[in-house]
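# Summary of structural features
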Amino acid sequence: MDKLQQEPNALPPVSRKLVELIEKNASDLTRAYLREVKANPNMPTYHSFPDQEVYERAFVVFSQLGRWISYEMNSEEMKKYWVELGKTRRREGFSLPEIFLALCLIRKQLWNKIQAEGFLDNVLDLYQALELYNRIVTFFDRALYYAIIGYHS
């Protein structure tokens, strides 16, 4: 097992700081996402769901992102969750563009918060910042990829 998976305190400081930022602001990030989804005309299926349900679904994504960054979630766990999510969204009548846009809007809220907090302005180690950026991008890319697989299975 990777040493980082065994020892959460072994995370690079920038990763630990981002996980803390997500945990501290998950509710605010999720509420901002919900407002954007409900106002977006390209998300009609999301409009038909109760606000609380859309909120809870987005909150889970932020939670998973934190687990992914801190190495508490492995690739198999991620694959299983997102494949099942893709199947569920298809049964619920979501289009693939809506699923894609939902993940883009969640990522957008995260980046808005990172910028507003000056998070990357304070990072002294460029390598750590790039590694963190790569983990975030990988999370969203895999989530979308596995959701599409589930959607089509």
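Residues numbered from 1 in each chain as written. Predicted model: local features only at pLDDT ≥ 70, side-chain atom pairs only at ≥ 80, totals over all residues. Heavy atoms only, no water.

## Quick notes on helix α6 (residues 96-116)
Over its 21 residues, α6 runs 30 Å from end to end, which matches the ideal 30 Å to within 8%, given 1.5 Å per residue. All of the buried residues along α6 are Glu98, Ile99, Ala102, Leu103, Cys104, Leu105, Ile106, Gln109, Leu110, Trp111, Lys113 and Ile114. Positive phi shows up at Gly118, right after α6, with a value of about 65°. (Helix = DSSP H or I, 4+ residues; strand = E, 2+ residues; numbered from the N terminus. Expected span 1.5 Å × (residues − 1). Buried < 20%, exposed > 50% of the residue type's maximum accessible area, 1.4 Å probe, protein only.)

## Quick notes on the environment of Ser75
Within the secondary structure layout, Ser75 lies in helix α5 (residues 75-92). With 67 residues separating them along the chain, Ser75 and Arg142 place their C-alpha atoms 8.7 Å apart. Beyond its immediate sequence surroundings of up to four residues, Ser75 is in contact with Trp68 and Arg142. In terms of polar contacts, Ser75 uses its side chain to reach the side chain of Arg142, at 2.5 Å. (Contact = heavy atoms within 4.5 Å. Polar contact = N/O pair within 3.5 Å; in protein donor to acceptor, adjacent residues only side chain to side chain.)

## Thoughts on the nonpolar core
Judged by nonpolar contacts, the single largest core of 44 residues is most densely connected at Leu18, Tyr33, Trp82 and Ile136. Where this core is concerned, the elements lending two or more residues are α2 (13-39), α4 (51-69), α5, α6 and α7 (126-152). Setting aside anything within four residues of it in sequence, one finds Tyr33 in contact with Tyr46, Val54, Ala58, Ala102, Leu105, Ile106 and Gln109. (Core = buried A, V, L, I, M, F, W, Y, C linked by side-chain atoms within 4.5 Å.)

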